[in-house]
Amino acid sequence: MNRTATPPQRHGKSNDRGAGGFKSLIYAFRRSLNERHKFAKIFRERLTEPLHLNVLAFFVLLFGKFHHKVEFDLVVRQQLAFSILHAARQAATRGLRKISVVEFGVASGTGLLNMCAIASEVMRTTGVMIEIYGFDAATGMPPPIDHRDHPEHWQQGDFPMDVDRLRNALPAFAHLIIGDVKDTIPSFLSMLSRDAPLAFVSLDLDYYSSTKNALELFKGPAELYAATVVLYLDDIVEESTNPWCGELLAVREFNDENAMRKISPFPALRTRRIFKNALWIDQIYLLHVLDHEERKPRIRRLANVLPNEYLGMRPEARQRADQRPVEVPVDGIRG
Ligand SMILES: C[S@@+](CC[C@H](N)C(=O)[O-])C[C@H]1O[C@@H](n2cnc3c(N)ncnc32)[C@H](O)[C@@H]1O
């Protein structure tokens, strides 16, 4: 569990408490002031950024649209906002109308409610519908198996859930799946549909053993997933984090055991961000579905021609947009 500021929010409808709302940010900031480590985090991450970017961010906060606020890290649970918006945009470019999003580890549900508020904004921004699933035992953490579960941090019974209260607070597009993830994933996998492929998963189960079981979700038929599924790994930035315990061990074993499904960090994400000091950037990974239809060799368009101004070849020499060929699998082409 990463201890970031988490204001309670209403959700399912647009209001100033929602994702990116001015009041929700002020609320989060005031809460941070009461907890020294949170204030230190804000101080380190934001006040060490260039002054002109912080000034610009202030205007974005007042006048910007939701996606501008995500760009400027102005949404509570920025890691979820970036991930869900990115996943939905990827889906939109592929013509998908709906995606599924999962939170592993819900506890009292502040993160899930933040996720719902963000998803409402993302649906409005992209037109892509989102279905959210929150997985949790509800009775709190199970017993740790050994040192690999970081028992120095977590213990049995931590983080129980008030299921009825949380369920009543959720919008219609969010669902709780209660039980140990090793028991609930198989039936969830069988109801997941290619019409709403899995596009983002937040992993916050704290333990190695629970995360290992959760990663079973990524072993279904390729059409149930986006070609790259955005992942957020909550528990990989503690001082005690190491590749022999916790989420990193579960990910390493998953990669060793699966030839066509691989998890690796989101490449060059820090370079793409405006505010580069944010810790969450290190926590964004991708599941690469290597056996996905999109990754099969095909002729999808006319060949690209690189311009070369030294030879007088201008960019217009490239393929014309109106010359789109019919998509042909490579093995259907005769030599
Ligand atoms: C740190 S809390 C999640 C916090 C939440 N993501 C948030 O940000 O508000 C971890 C949760 O993982 C759940 N959990 C851990 N192992 C589990 C398992 N094997 N099956 C189901 N839930 C599990 C616990 O019940 C606990 O509520």
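Residues numbered from 1 in each chain as written. Predicted model: local features only at pLDDT ≥ 70, side-chain atom pairs only at ≥ 80, totals over all residues.

**A look at the overall build of the protein chain**
Note the cut-off: The secondary structure listing takes helices from DSSP runs of H or I that are at least 4 residues long and strands from runs of E that are at least 2 residues long, numbered from the N terminus. Using C-beta atoms placed from the backbone, we call a residue buried if 20 or more other C-beta atoms fall within 10 Å of its own, exposed if 12 or fewer do, and partly exposed for counts in between. In this description, a residue-residue contact is defined by the distance between C-beta atoms placed from the backbone, which must lie within 7 Å.
Helices and strands together make up the secondary structure of the protein chain, namely 11 helices and nine strands. Split into buried and exposed, the 335 residues of the protein chain put 36% on the buried side. Sequence separation of at least 24 residues holds for 73% of the intrachain contacts in the protein chain that already meet a minimum separation of 6.

**Some thoughts on the sheet that holds strand S3 (residues 174-178)**
Applicable threshold: Note on pairing: two strands pair once DSSP finds at least 2 bridges between them. For helices, the fitted axis covers only the stretch in contact; all axes are lines through C-alpha atoms, and the angles between them, taken along N-to-C directions, range from 0 to 180 degrees.
The strand order across the open sheet formed by seven strands is S3-S2-S1-S4-S5-S7-S6, and the pairing between neighbours is mixed. Strands at the two margins of the open sheet, each flanked by one partner only, are S3 and strand S6 (261-265). The mean angle between the axes of side-by-side strands here comes to 20°, regardless of whether they run parallel or antiparallel. As paired elements, strand S4 (residues 198-203) and strand S5 (residues 225-233) share five bridges and run parallel to each other. By the bridge assignment for S5, Phe-200 is matched with Val-230. Relative to S5, helix H5 (residues 78-93) is tilted by about 175°, and along the sheet it contacts strand S1 (98-104), strand S2 (129-136), S4, S5 and strand S7 (284-289).

**Describing the nonpolar core**
Filter applied, for reference: Definition of nonpolar core: a set of buried Ala, Val, Leu, Ile, Met, Phe, Trp, Tyr and Cys residues joined via C-beta atoms within 7 Å.
Ile-84, Ile-118, Ala-199, Val-229 and Leu-231 are the most contacted members of the largest nonpolar core, which has 71 residues in total. In contact with Leu-231, not counting residues within four places along its chain, are Val-201, Leu-203, Ile-263, Tyr-285, Leu-286 and Leu-287.

**Some points on the confidence of the model for the protein chain**
To keep it simple, the criterion reads: The quantity called pLDDT is the predictor's confidence in a given residue, expressed from 0 to 100.
Looking at the protein chain, pLDDT values average 88 and 83% of them are 70 or higher. Here residues 2-17 is modelled with pLDDT under 50, and outside its nearest four sequence neighbours on either side it reaches 42 contacts, counting other chains as well.

**Comments concerning the pairing of S3**
Going by this rule: Crossovers are marked right-handed if the path from the first strand over the helix to the second runs clockwise, as seen with the strands pointing away from the viewer.
Sheet topology note: the S2/S3 ladder contains five bridges and is parallel. Counterpart to Tyr-133 in the pairing with S3 is His-175. On the question of chirality, the crossover connecting S2 to the parallel S3 by way of helix H7 (residues 163-169) is right-handed.

**With respect to the environment of His-67**
Assignment of secondary structure puts His-67 in helix H4 (residues 66-71). Residue classification places His-67 among the partly exposed residues on the basis of 17 C-beta atoms within 10 Å. On a C-alpha basis, the gap between His-67 and Glu-121 in space is 8.8 Å, while along the polypeptide they are 54 residues apart. Leaving out residues up to four positions away in the same chain, His-67 has contacts with Leu-85 and Thr-125.

**Some points on the packing of H5 against helix H6 (residues 110-126)**
Keep this limit in mind: Should the near helix be turned anticlockwise from the far one by less than a right angle, the crossing is termed left-handed; should it be turned clockwise, right-handed. Residues are grouped as follows: Ala, Val, Leu, Ile, Met, Phe, Trp, Tyr, Cys and Pro are nonpolar; Asp, Glu, Lys and Arg are charged; all remaining types, including Gly, are polar.
Following both chains from N to C, one finds H5 and H6 inclined at 35°, their axes separated by 10 Å at the closest point. Of the two possible hands of crossing, H5 and H6 adopt the one that is right-handed. Within the contact between the two elements, H5 uses Leu-80, Ala-81, Ile-84, Leu-85, Ala-88, Arg-89 and Ala-92 and H6 uses Asn-114, Met-115, Ile-118, Ala-119, Val-122 and Thr-126. Taken together, the residues that form the contact of H5 with H6 break down as 10 nonpolar, two polar and one charged.

**Overview of unusual backbone geometry**
Positive phi outside glycine occurs at Asp-73, with the angle close to 55°. Among the structural elements, Asp-73 can be located in the loop between H4 and H5. Backbone geometry at His-150 places phi at a positive 55°, although glycine is not the residue there. Mapped onto the secondary structure, His-150 falls in the loop between S2 and H7.

**Let's talk about the environment of Lys-65**
Looking at the secondary structure, you find Lys-65 in the loop between helix H3 (51-63) and H4. As a C-alpha pair, Lys-65 and Thr-125 span 60 residues in sequence and 9.0 Å in three-dimensional space.

**Let's talk about the environment of Leu-47**
For Leu-47, the location among the structural elements is in the loop between helix H2 (36-46) and H3. On a C-alpha basis, the gap between Leu-47 and Asn-277 in space is 9.8 Å, while along the polypeptide they are 230 residues apart.

**Re H6**
Turn by turn, an α-helix covers 3.6 residues, leaving residues three or four places apart pointing in a common direction. The condition that has to hold: A helix is expected to span 1.5 Å multiplied by its residue count minus one.
Here H6 spans 24 Å end to end across 17 residues, near enough to the 24 Å set by a 1.5 Å rise per residue. The buried fraction of H6 is high, at 13 of 17 residues. Phi turns positive, to about 80°, at Gly-127, one or two residues after H6.

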